[in-house]
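# Residue-level structure breakdown
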Amino acid sequence: MTSTLNSLAEARRAAATPLFADLAGDIGVSFEFFPPKTEKMEAQLWDTFHTLEPLAPSFVSVTYGAGGSTRERTHATVARIAATSPVAPAAHLTCVEASRAEIDEVAAAYWAAGVRHIVALRGDMPGGEPYRAHPDGYANAIELVAGLKAVAPFDISVAAYPEVHPDASCAEADLDNLKRKLDAGANRAITQFFFSPDAFLRFRDAAAAAGIDAPILPGILPVSNVSQTRRMADMCGTQIPAWMVSLFDGLDDHPAARQLVAATIAAEMCRRLYAGGVRDFHFYTLNRAELSYAICHLLGLRPKAAPATEEAAA
Ligand SMILES: Cc1cc2nc3c(=O)[nH]c(=O)nc-3n(C[C@H](O)[C@H](O)[C@H](O)COP(=O)(O)OP(=O)(O)OC[C@H]3O[C@@H](n4cnc5c(N)ncnc54)[C@H](O)[C@@H]3O)c2cc1C
C-alpha cells in the first residue's frame, strides 16, 4: 500500500515538473564515429564532427573494423582529429587476427601521432565465428590493456556490458572480467548500448559493490531503425524491448517521424539516467549528428563557444 502511495506521489511529481526542466547541462559527453569508406561518407563524417565539436566532448572515439579491416582508415581519421581539433581523439583497437608485435606497432604509431587515448577491445571474429585468439596475439582485452600500458602511458577505456556479454558464463564473471581490465590499467569503461535505464543503473551499482570505482559511461544508441538495431543487439546481448518495437510500428515509410520518435526515446532514457545520478554520456552517433545533438540539447548542453566566423575575424 505504502509503495503504491509512493508511486502515485512520484507520478504526480513527474507530471507536475516541466519536461527536461531539471536538466542543467551539467553533463559531460563523448561521441563515437566509424571510419568512412567513401568520399561521400567522409564528407558526412566531418560534417557530423564539426556539428558536434562545439559541444566540447571530453573525447571522440573512432571504431576499428572486424579483423583490423579499417586499420588505415581508423588511423587516418584519428590522426586528422588529433592534428586539427582541440578535441581529444580515442582510437579503438582490437586483438583480432593480429600478433602482439603488430598491435604494439599500431599503438606506438598512435602515440607518435599525438593520440593518448585507446579504447582497448578483444573484438569479434569476422563472420561471427566463436572467438579464437591469434597464436602470437593478445588473448583478450585484459592482456591488451596490459600490453598497451607497456607501449606507452595511454589513457585506456574498455567495454562493459550492463546486459552481460554473450561469451560470459554469468553476470558475476562478466563483472569480474571488467574489474580485471581496470586492474590491468584501464581508466574507465564504456558500456554496450542498452534500452533499459534500470539495467544500466543496476549494473553501475553492482560494479560499485564489486569494488569498481572507475567511471562507467553509458553507451547511448539513438535508434531510428529497429530492424537494423536488432541485428547488432542480437550479437552483443542487448534486449530490444517490445514497447520500443511497437513505437516504431507503422513508421517504415515515415523517416522524419522515425527521427522524432528516436530522439524522444533516447532523450527520455538519458533523462532517467540523469535522475539516477549519471552525468557522463557516450553517444554512438553512427556518423550522424542530429539525433545526438538534439538529445544533448534536451539534456541542457549548449555549444561552449560559437565557432569564429570569417566576418568576426575580419
Ligand atoms: C564501447 C564499445 C566499443 C566497441 N568498439 C568496437 C570496435 O571498434 N571494433 C570491434 O570490432 N568491436 C568493438 N566492440 C565490440 C567488442 O569487440 C565485442 O563486444 C567483443 O565481443 C568483446 O570485446 P571485449 O573487449 O569486451 O572483450 P573481453 O573483455 O576480453 O571479453 C569479452 C567477454 O568474454 C569473456 N571472457 C574473456 N576472456 C575469457 C576467458 N579467458 N574465459 C572466459 N570468458 C572470457 C568475458 O567475461 C567477457 O564477457 C565495442 C564494444 C563496446 C562496448
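Residues numbered from 1 in each chain as written. Predicted model: local features only at pLDDT ≥ 70, side-chain atom pairs only at ≥ 80, totals over all residues.

Right, let's get into the overall build of the protein. Of the regular secondary structure elements, the protein holds 12 helices and eight strands. In terms of overall dimensions, the protein is globule-like: its C-alpha atoms have a radius of gyration of 20 Å, near the 20 Å expected for 314 residues. For the protein, the spread of C-alpha atoms along the principal axes amounts to about 60 × 60 × 40 Å. Across the 314 residues in the protein, those meeting the buried criterion constitute 37%. (Helix = DSSP H or I, 4+ residues; strand = E, 2+ residues; numbered from the N terminus. Rg over C-alpha atoms; globule rule 2.2 N^0.38 Å. Buried ≥ 20, exposed ≤ 12 C-beta atoms within 10 Å, placed from the backbone.)

Here we come to the packing of helix α4 (residues 100-112) against helix α5 (residues 141-151). For the pair α4 and α5, the least separation of the axes is 10 Å and the interaxial angle reads 50°. Here α5 runs oblique to α4, going by the angle between their axes. Like other packed secondary-structure pairs, α4 and α5 cross with a definite hand, here right-handed. Contact residues: Arg100, Ile103, Asp104, Ala107, Ala108 and Trp111 in α4; Gly147, Leu148 and Val151 in α5. Of the residues belonging to the contact of α4 with α5, the class tally is six nonpolar, one polar and two charged. (Axes fitted to C-alpha atoms, helices over the stretch in contact; angles between N-to-C directions. Parallel < 35°, antiparallel > 145°, perpendicular 65-115°, else oblique. Left-handed = near helix turned anticlockwise from the far one by under 90°. Contact = placed C-beta atoms within 7 Å. Nonpolar A, V, L, I, M, F, W, Y, C, P; charged D, E, K, R; others polar.)

This brings us to the site of the ligand. Taken together, 24 residues form the shell around the ligand, and within it Thr63, His92, Arg122, Asn140 and His165 come nearest. The class makeup of the residues in the shell around the ligand is 10 nonpolar, nine polar and five charged. (Near = placed C-beta within 6 Å.)

Right, let's get into the nonpolar core. Core analysis: the largest hydrophobic core is formed by 76 residues, its most contacted members being Ile118, Ala120, Val145, Ala266 and Cys270. The biggest single contributor to this core is helix α10 (residues 255-275), with eight residues. Beyond its immediate stretch of four places on either side in the chain, Val145 contacts Ala120, Ile156, Val158, Lys181, Ala184, Gly185 and Ala186. (Core = buried A, V, L, I, M, F, W, Y, C linked by C-beta atoms within 7 Å.)

The eight strands are arranged β1-β2-β3-β4-β5-β6-β7-β8 in a closed barrel whose pairing can be described as parallel. In this sheet, adjacent strand axes meet at a mean angle of 30° when their direction is disregarded. Sheet analysis places strand β3 (residues 89-94) next to strand β4 (residues 117-121), joined by five bridges and oriented parallel. Counterpart to His92 in the pairing with β4 is Val119. (Pairing = 2+ DSSP bridges.)

The next subject is the pairing of β3. With six of six residues buried, β3 is to be regarded as a mostly interior element. The alternating pattern of β3 places Pro89, Ala91 and Leu93 and Ala90, His92 and Thr94 on opposite faces, both of which are buried. Here strand β2 (residues 59-62) runs beside β3; their pairing, made up of three bridges, is parallel. Among the inter-strand pairings, Ser61 is bridged to a residue of β3, identified as Ala90. A crossover connection joins β2 to the parallel β3 through helix α3 (residues 71-84); in handedness this β-α-β unit is right-handed. Chirality of the crossover, the property in question, places the unit of β3, α4 and β4 among those that are right-handed. (Right-handed = clockwise from strand over helix to strand, strands pointing away.)

Let's shift gears to the packing of α10 against helix α11 (residues 290-298). Packing of α10 against α11 brings their axes to within 9 Å, and their N-to-C directions diverge by 45°. Here α11 runs oblique to α10, going by the angle between their axes. For α10 against α11, the interelement crossing comes out right-handed. Residues Gln259, Ala262, Ala263, Ala266, Ala267 and Cys270 of α10 form the contact with α11, whose participating residues are Leu291, Ala294, Ile295 and Leu298.

With that out of the way, let us pick up the environment of Leu121. Relative to the helices and strands, Leu121 resides in strand β4. Leu121 gets classed as buried once you count the C-beta atoms within 10 Å, which come to 22. Sequence separation between Leu121 and His92 is 29 residues, and the spatial gap between their C-alpha atoms is 7.2 Å.

Before going further, it helps to spend a moment on unusual backbone geometry. Even without being glycine, Ala56 reaches a positive phi, approximately 50°. As for its position among the elements, Ala56 is in the loop between α2 (39-52) and β2. Residue Ala56 is classed as partly exposed on the basis of its C-beta count, with 15 C-beta atoms lying within 10 Å. A positive phi angle is found at Val164, which is not glycine, with a value near 75°. Mapped onto the fold, Val164 is located in the loop between β5 (155-160) and α6 (171-183).

Turning our eyes to something else, we now look at the confidence of the model for the protein. When pLDDT is averaged along the protein, the result is 91; 91% of the residues meet or exceed 70. Note on residues 309-314: pLDDT is under 50 here. Beyond four places in sequence and across chains, it has one contact. (pLDDT = per-residue confidence, 0-100.)

Time to look at the environment of Thr264. By secondary structure assignment, the location of Thr264 is in helix α10. Accessibility expressed as a C-beta count within 10 Å gives 15 for Thr264, which makes it partly exposed.

Next up on the list: the pairing of strand β8 (residues 280-284). Most of β8 is tucked away: four of the five residues are buried. The sheet contact formed by strand β1 (residues 28-33) and β8 spans five bridges and is parallel. When the sheet's bridge partners are listed, Glu32 is paired in β8 with Tyr284. When strand β7 (residues 216-220) meets β8, the two strands line up parallel, connected through two bridges. Paired with Ile220 across the two strands is Phe283, which belongs to β8.

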